[in-house]
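So the chains spell out like this:
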Amino acid sequence: MKLYSRSQVLFFSLLSAVIVLLLAFGFGLIQPRQKDDSLTSSINDINTGEFKLLQSEYVALNTSDLVGFSESERENIAIYERLNSAVVNITTEIMAINWFLEPIPQEGSSGSGSIIDIRGYVLTNNHVIQNAHRVFINLSDGSQFEGEIIGVDPENDLAVLKFNPPNGMELRTIPYGDSSSLLVGQKVLAIGNPFALERTLTVGIVSGLGRPIQTSRNRIIRDMIQTDASINPGNSGGPLLDTQGRMIGINTMIYSPSGGSVGIGFAVPVNTAKRVVNELIEHGRVRRGWIDATVVQLFPGLVRHARLPVDSGLLVSRTRRNGLAERAGLRQGTEPVQYGRSVIYLGGDIITAVNGIKTNTLADLYASLEASRPGDVVTVEIIRGNQPVTLRVTLADREEVMN
């Protein structure tokens, strides 16, 4: 009988455990943990007719029955009691591929949302439902409904879902407030579902206003609300409320080196949501204006090679033939040069600002046109040769230009 040393026995034991785990993953018995929905960030490359939302009538808070509590506590209790049922927990199902290249359903991310319409419309973050195969909306009474993705706006990280409440079910909705009149130091409250703990209330203040946060290479969400009200994984998409129980923001992301809340959270202003929700419901997307030209962000090598008079801005490489930008007088380049796999045409105008917003980068151009619509006329400041020139350009539809 052959004897094995202690190290050989340990080796074979570890090898057996690895084989068992690999087989479990292959047959879908064990699924890898999904990335949470919090959009945790170290802030790196972090109409035909008017549609009117039918929100339930706003009811003033009544705190007269709450005795033995401070004024601040009565506000917190009353807001939570009145509005927690209007906050939903959103869970998703995604399609994954197992070891045999077979598609299998798998649990996705989770987050929060606000019921904004008595017909079952829910406002949340786009990243909560991104890549979802199915979406489920869980109400405060424990009932669950499969939701439909009505429209998404990645530009502002917003999405609108819809579920069909049965006849006789009365939904509580969260009324819109006004984010334009917020002040630093103002008390705010957040209701959400952090770490799958249903309908949790956290309280804080507005810590800052007008924060531009970059969520991807070419996307900057402008005018974000900064708050120290705790926002954790699962809070994303839930409402940020004022002391009257009105939604003034949509909780979106946190700054966190550890993944947990450290008192720096960000919310999309509700005025941004009010501007885009109707279009999401009507068209499934937000129609935005765009300058119908191909532009290249300046970089040191290009500036040196072309001996450009400025070191930042957007070079107009090509304009669409007979397009709106060309008709407005924007000039394209004429001298082609090879850069990697791309061809850049030199000699065109250099865009330095749009509607007074500096366009040093492509992200700046996206931000400057975020609130625009096709057909809007914008002021475009350019450098032509060595001279500054101002043009009035009618915007095309971004989706049509990009496609």
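The structure under discussion appears in the preceding block.
This is a predicted model, so every value here is computed, not measured. (Residues numbered from 1 in each chain as written. Predicted model: local features only at pLDDT ≥ 70, side-chain atom pairs only at ≥ 80, totals over all residues. Heavy atoms only, no water.)

Caption draft 1: Region of interest: the overall build of the chain. Scanning the chain from terminus to terminus reveals eight helices and 22 strands. Counting the 403 residues in the chain, one finds 46% classified as buried. Counting every atom, the chain has about 20600 Å² of accessible surface; 51% of that belongs to carbon and sulfur. (Helix = DSSP H or I, 4+ residues; strand = E, 2+ residues; numbered from the N terminus. Buried < 20%, exposed > 50% of the residue type's maximum accessible area, 1.4 Å probe, protein only. Areas by Shrake-Rupley, 256 points an atom, 1.4 Å probe, with all protein chains shown as cover.)

Caption draft 2: Here's a closer look at the nonpolar core. The biggest cluster of nonpolar side chains holds 30 residues, and the ones touching the most others in it are Leu123, Val160, Met247 and Val277. Elements represented by at least two residues in this core include exactly α2 (71-83), β3 (121-124), β6 (158-162), β7 (187-192), β9 (219-227), β11 (247-254), β12 (265-269) and α4 (270-283). Residue contributions to this core peak at six residues, all from α4. In this structure, Met247 is in contact with Ser114, Ile116, Leu123, Ile174, Pro175, Tyr176, Gly177, Pro239, Leu240, Leu241 and Val270, ignoring residues within four places of it in sequence. (Core = buried A, V, L, I, M, F, W, Y, C linked by side-chain atoms within 4.5 Å. Contact = heavy atoms within 4.5 Å.)

Caption draft 3: Summary view of the environment of Asn271. Its location among the elements puts Asn271 in helix α4. Relative accessible area serves as the criterion here: at 25%, Asn271 is assigned to the partly exposed category. Each C-alpha atom of the pair Asn271 and Ser179 lies 5.9 Å from the other, and the pair is 92 residues apart in sequence. Apart from residues lying up to four places away in sequence, Asn271 is in contact with Gly177, Asp178, Ser179 and Ser180. Reaching out from Asn271, the side chain makes a polar contact with the side chain of Asp178 at a distance of 3.0 Å. (Polar contact = N/O pair within 3.5 Å; in protein donor to acceptor, adjacent residues only side chain to side chain.)

Caption draft 4: Seen up close, α4. A rise of 1.5 Å per residue sets the reference length of α4, with its 14 residues, at 20 Å; its end C-alpha atoms lie 20 Å apart and thus fit the reference within 8%. A maximum bend of about 35 degrees is found in α4 at Val276. Taken residue by residue, α4 has Val270, Thr272, Ala273, Val276, Val277, Glu279, Leu280 and Ile281 as its buried positions. For α4, the elements touching its buried residues are β2 (103-117), β3, β5 (144-153), β6, β11 and β12. Just downstream of α4 lies Gly284, where phi reads positive at about 80 degrees. (Expected span 1.5 Å × (residues − 1). Bend = angle between axes of the 7 residues up to and from the residue.)

Caption draft 5: Fine view of the packing of aromatic side chains. One pass over the structure, following the stated rule, counts three aromatic pairs. Each ring, one from Phe299 and one from Tyr339, has its centre 4.9 Å from the other, and the planes form 35 degrees; the classification is tilted. Highlighted residues: Phe299 in the loop between β14 (293-297) and α5 (300-306) and Tyr339 in strand β16 (residues 335-339), separated in sequence by 40 residues. When the ring centre of Tyr121 is taken as origin, the NZ or CZ atom of Lys162, which lies over that ring, is 5.5 Å away. (Phe/Tyr/Trp six-rings, centres within 6.5 Å; stacked < 30°, edge-to-face > 60°. Lys NZ or Arg CZ within 6 Å of the ring centre and 35° of its normal.)

Caption draft 6: The arrangement of α2 in detail. For α2, which comprises 13 residues, the first-to-last C-alpha distance of 18 Å matches the rise-based estimate of 18 Å (1.5 Å per residue) to within 8%. Of all the positions in α2, only Arg74, Glu75, Asn76, Ala78, Ile79, Arg82 and Leu83 are classed as buried.

Caption draft 7: Structural detail: the sheet that holds β2. As summarised here, the arrangement of the six strands in space is β1-β2-β3-β6-β5-β4, forming a closed barrel in which the pairing is antiparallel. Taken over all neighbouring pairs, the strand axes of this sheet differ in orientation by 40 degrees on average, direction set aside. By the bridge criterion, three bridges tie β2 to β3 in an arrangement that is antiparallel. Following the sheet pairing, Ile115 is matched in β3 by Val122. (Pairing = 2+ DSSP bridges. Axes fitted to C-alpha atoms, helices over the stretch in contact; angles between N-to-C directions.)

Caption draft 8: Spotlight on the pattern of salt bridges. Per the stated rule, a full pass over the model turns up 16 salt bridges. Linking Glu370 and Arg275 is a salt bridge whose minimum nitrogen-to-oxygen distance equals 2.9 Å. With Glu370 in the loop between α7 (362-368) and β20 (377-384) and Arg275 in helix α4, this pair connects stretches of sequence that are 95 residues apart. In this structure Glu370 comes out as buried when scored by relative accessible area, which is 8%. (Salt bridge = Lys/Arg side-chain N within 4 Å of Asp/Glu carboxyl O.)

Caption draft 9: Spotlight on the pairing of strand β4 (residues 134-138). A large share of β4 lies buried, amounting to four of its five residues. For strand β1 (residues 87-97) and β4, the ladder comprises five bridges, and the chain directions are antiparallel. Note that in β4 the partner of Ile90 across the bridge is Ile137.

Caption draft 10: Examining unusual backbone geometry more closely. The phi dihedral of Asp223 falls on the positive side, at around 60 degrees, and the residue is not glycine. You can see Asp223 is positioned in strand β9. Here Arg307, not a glycine, exhibits a phi torsion of approximately 50 degrees, which is positive. Mapped onto the elements of the fold, Arg307 is located in the loop between α5 and β15 (314-319).

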